[in-house]
Amino acid sequence: MEGGRSRPPPRCPPGVEERPYRSASGAPLALRRRQHSASCRELALRRPRLQLRSLSAVTSAVWLAAYGIFVLSENSMVLSAAIFITLIGLIIYLHFVKIDQESLLVIGSLGIQVTSSYASGKESTTFIEMSRVKDVVINEAIHMQKVIYYLCILLKDPQDPQGVSEVVPLFQSSQPRLDCLMEVYKSCQEILDQRKEAPQSSEMK
Amino acid sequence: MVLKVFFPSCCSSAESGILIGRWISEQNSAVVLAVVHFPFIPVQVKQYLSELQRVTKVNVSVLGSWNNSKQEKEESLSEFLEDLGTIFSHEPWIQISKEGDSKFWSCSTLQKRSNNHREEEIILVYYDQRKVMLSCLHPPLDTGASTAHEAEDASRLSAIFDTVAKSKILFMTDKYDDGPIKLTHWQSDGVEASIIVELMKQASVPACMLLTFLLSLISGACKSRMLKFWPLSFLWSKLSTCEQLSHRLQHLQVISSNKKAQNQTQLMRKANIFVSLLIDVALGILLMSWLYRKNRIGHLADTLIPVADHVAEELQDLLQWLMGAPAGLKMNRALDQVLGRFFLYHIHLWISYIHLMSPFIEMILWYVGLSACLGLTVALCILSDIVALLTFHIYCFYVYGARLYCLKIYGLSSLWRLFRGKKWNVLRQRVDSCSYDLDQLFIGTLLFTILLFLLPTTALYYLVFTLLRLLVVIVQGLIHLLVDLVDSLPLYSIILRLCRSYRLAAGVKFRVLEQQDGKPLRLLMQINPLSYGSVVQTYRLPTYSCYPKDSWTSLCKKLFLGELIYPWKHKGEKQD
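Residues numbered from 1 in each chain as written. Chains lettered and ligands numbered in written order. Predicted model: local features only at pLDDT ≥ 70, side-chain atom pairs only at ≥ 80, totals over all residues. Heavy atoms only, no water.

Undergrad: Help me understand the overall build of chain B, please; the structure alone is not making it clear to me.
TA: Helices and strands together make up the secondary structure of chain B, namely 17 helices and 15 strands. Rg of the C-alpha trace for chain B: 38 Å, well past the compact-globule value of 25 Å for 576 residues, more than 25% over. Considering only C-alpha atoms, chain B reaches an extent of 120 × 65 × 45 Å along its principal axes. When the 576 residues of chain B are sorted by exposure, 39% land in the buried category. A separation threshold of at least 6 residues defines the contact pool for chain B, and within that pool the share at least 24 residues apart is 73%. For chain B, the accessible area works out to roughly 33800 Å², and carbon and sulfur atoms hold 64% of it. Between the mean site of the 58 positive side-chain charges and the mean site of the 48 negative ones, chain B shows a separation of 9 Å. (Helix = DSSP H or I, 4+ residues; strand = E, 2+ residues; numbered from the N terminus. Rg over C-alpha atoms; globule rule 2.2 N^0.38 Å. Buried < 20%, exposed > 50% of the residue type's maximum accessible area, 1.4 Å probe, protein only. Contact = heavy atoms within 4.5 Å. Areas by Shrake-Rupley, 256 points an atom, 1.4 Å probe, with all protein chains shown as cover. Lys, Arg positive; Asp, Glu negative; His and termini not counted. Charge placed at Lys NZ, Arg CZ, Asp CG, Glu CD.)

Undergrad: How should I be thinking about the overall build of chain A in this particular structure?
TA: Helix and strand counts for chain A stand at three helices and nine strands. Tracing chain A from N to C terminus, the helices and strands come up as β-β-β-α-α-β-β-β-β-β-β-α. A total of 205 residues make up chain A; the buried ones form 32% of that total. A fraction of 42% describes how many contacts in chain A between residues 6 or more apart in sequence connect residues 24 or more apart.

Undergrad: What's the story with the pairing of strand 8 (residues 146-156) of chain A in this structure? I'm lost.
TA: Each regular strand displays side chains that alternate between the two surfaces of the sheet. All names here are of chain A. One ladder, built from 10 bridges, connects strand 7 (residues 133-143) with strand 8; its direction is antiparallel. Bridge pairing in strand 8 links Val-137 to Cys-152. Examined bridge by bridge, strand 8 and strand 9 (residues 164-169) share five bridges and lie antiparallel to one another. Bridge assignment links Ile-153 to a residue of strand 9, and that residue is Val-168. (Pairing = 2+ DSSP bridges.)

Undergrad: What am I meant to see in the UniProt feature "transmembrane region" (unreviewed entry) in chain B here?
TA: Residue and element names in this part refer to chain B. This chain's UniProt record puts "transmembrane region" (unreviewed entry) on residues 203-222, 273-292, 338-357, 364-391, 397-419, 440-464 and 470-495. Helix makes up 100% of residues 440-464 and strand 0%, and the two end C-alpha atoms of the span are 35 Å apart. Helix makes up 92% of residues 470-495 and strand makes up 0%, while its end C-alpha atoms are separated by 38 Å. (UniProt positions renumbered as here; feature names shortened; annotations may be inferred.)

Okay, here's the thing in C-alpha cells:
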C-alpha cells in the first residue's frame, strides 16, 4: 500500500454504491454497483491505475542499461533505439495490456454485456444475448498451489437443451476474491430469476 | 415480459404521427421503421403497408402512435391518437410521447385483450438506422436454412438487422415525393447519390463485356492443341509463373462476369479480387519504372554471369575439399575421385552453357522485365523461376547424390537381413526367415562389407548436396510466401473495416443513457465491429499452392532413407 500519499477515493454519483475488495493476488479493487432500472444492473470492477513510481523505475532501468551499452560500444544508435523502444513499449502496454476497469451490464430479457476498458481509453465489448445464456455460476479452479474462484457465464448448446456449449469466464484480469464474486453473483441471479418468472406468468394469463 | 421498442434515432425530432414497423412476438419486441404523419387516410395506409409487405416479405404493420408536442401536452391530440388504436388494430398498441425538448419520453401500451392491466416494463433502444441497414452481421446465416427454422433459431439481433436491411425500399420515398403518405426515416430528407458512382456503374457494363471477350480469346489461345505437346506442357507445369498467370486469369474471369453478386460474401470476394489486382499491377508498374530507370536492368544482366561463375567456382572449391580429407574424415580414395570428377565435369558443362548464353542474357532480361507490368506477383514468380534455373545444377547433384545414397541404403538393409538369415516377403509385406545357400551367403557378406565401408563417402556427398538443395528451397519458399501474401490478403475488407467499420459487424453493444424515474429504460445500440484478425480469416482469398503436408518426422525419415523430397506441390498435380 502507498505510505505517504494516499489519494482520496473518487466521488460516486448518487444511486451508485462502491465497496473495496481485494484481488486474488492482494491488489485493491473497487466494485461499483449501479441499478438503472428494475431489470438493468451494471457492475464495474476498477483496478489500480498505472503508478508513476513503477513507470519511472522501468524507464530509468532501460535507459541506464542503454547508456551502459553505449559506453561500451560507442554507438549512439543504442540511445535512440532505447528511447524508441520505451515509447513503443509504453504505448503497446497501455493499449493492449493494462486493463483499468472490467464491467458487467445485465439487462434482463436483452442480454449480458461484458466490457474491458484499457488504460489508453480503448474498450473491448462482447454482448451475449439472453436466449444463449443458460446460467451464471462461480467455478473453482486449481492453479499451481492455489484454488481460484472465478465467475463465468454458461452458454446453451443449440443441439442439446441440457448441455453447455461454452463457458465464458468473467473478470479475468482483475481476479477478485470470493466475497466480491458472491456479491456479483447475487446481483446477476436476481435479474436472471426474473426471466424464469416471466414465461410462467404469461402462461397464467 | 418486458417490452422492447427499437426506435430509430433519426425519428426523435419527427412530427406527431403513427409508428410503422415490425412486431416480433416471440421476443416481445417492436422494431420501428418510420413515422407516418398527418393527414393520412387509414385505408391508403393499409394499402401501402400490404404492398410493402408483398415486395419486401417483411411483416410491416402499424405499431402505435407518436406524439411530439412542442408546447404543453395537448389533450385532444393524445385522445385522437388513442382512438387511432381502434382503427389500426394491433396488440399491443404502443404510445410514445415526447414533451418539448425533453430527453425523457413517456411510453405506455394499451392491451385490449388482456384482462389484467399489468404494468409491464418498457425498454427503449435507440439505433442508427442507416448504419444498421448497411451493416452485415457475422457469422452470416446460411441461406440454405429453411424458413421454418429461421423463425425459431434466428437470434434477436439478426432478426432486427434483417428487418431493417430488407426494408430498403421503404426508405426510398422521401418528403419531396407527392404521394398520399408522408414518412420520416433516415433518408426522408432526400435520397443521396454520387454522380461518380452512377457513372462508374454505367461504364462498367461495356467494360465487363470487353474484358470477357478478351479473356475468352486468351483462354482459347491457351487451350489450343499446339501448347499441349509433351515437352511444352511439362515446362508449363513446372514454371510457377504460368501457375500465377492462370490464377490471375481466373480472378479476372470472376470480376468480369455479368452476373450480379448474390450475397454479401460474393460481393466482398469480387471487391477483394479487384483491389488485389489493382494493387498488384500498381506495385508491378512501380517496380518496372524503378528497374528501367538508370538502366538497372542492364546492370543486373551484367552481374548475372559473374554471379553464376562465382557460384560455380564455389562449388568446385567445395568438391575439391570433399575429394581431399573433409573435416578430417578419411574417405575412400577411389570412390571419392570418381564422384568428384563426375560432378566437376557436370559443373564444367554448366559453365560452358551459361557462357554460350551470355550475349543474349541482357536482351532476354530486358523483355522479361517488361512482364513485371502484369503485376508484382508475376515479377516475383519470374524471380523464383530464374533462381530455380540458375541453380539447376545443384538440383541435379542432389538427385544424383540422393539416388546413389538411396540405392546404398536399400542394398545395405537387404544384405543385413541376409546376414541374419531373413528375407523381405513382398507378398506379405513382412520379414520372413529364409535359408540361404553357402555361396549366396558368401557373396552377400562380401557385398555388405563393400557397401558398408563405402557408406561414409556417399553419405557425405549426399549430406552436402541436400543442404545446398534445402537452401535453394528455402529461398524459393520465401518468395512464394510473399506471392501468396499478396494474392490472398483481402485488402478491400481491411480498408472497409478501417474506414466504415459499421459495415462489418461482429455484434452490438449497448450504452445506458441518462435515466429518470418513472420513465422507460433508455439504451443506445451501437454496432460492435469485427476484429481485424476475423476480417482477414473470413475474407481470405483462396490460393493455388498447398503447403507441405509432411510433418517434420516424416520429412526426417525421407531424408534419412534418401527418398527425394518435393516440397512444393501445387493443387491438381499428381503425386509421384
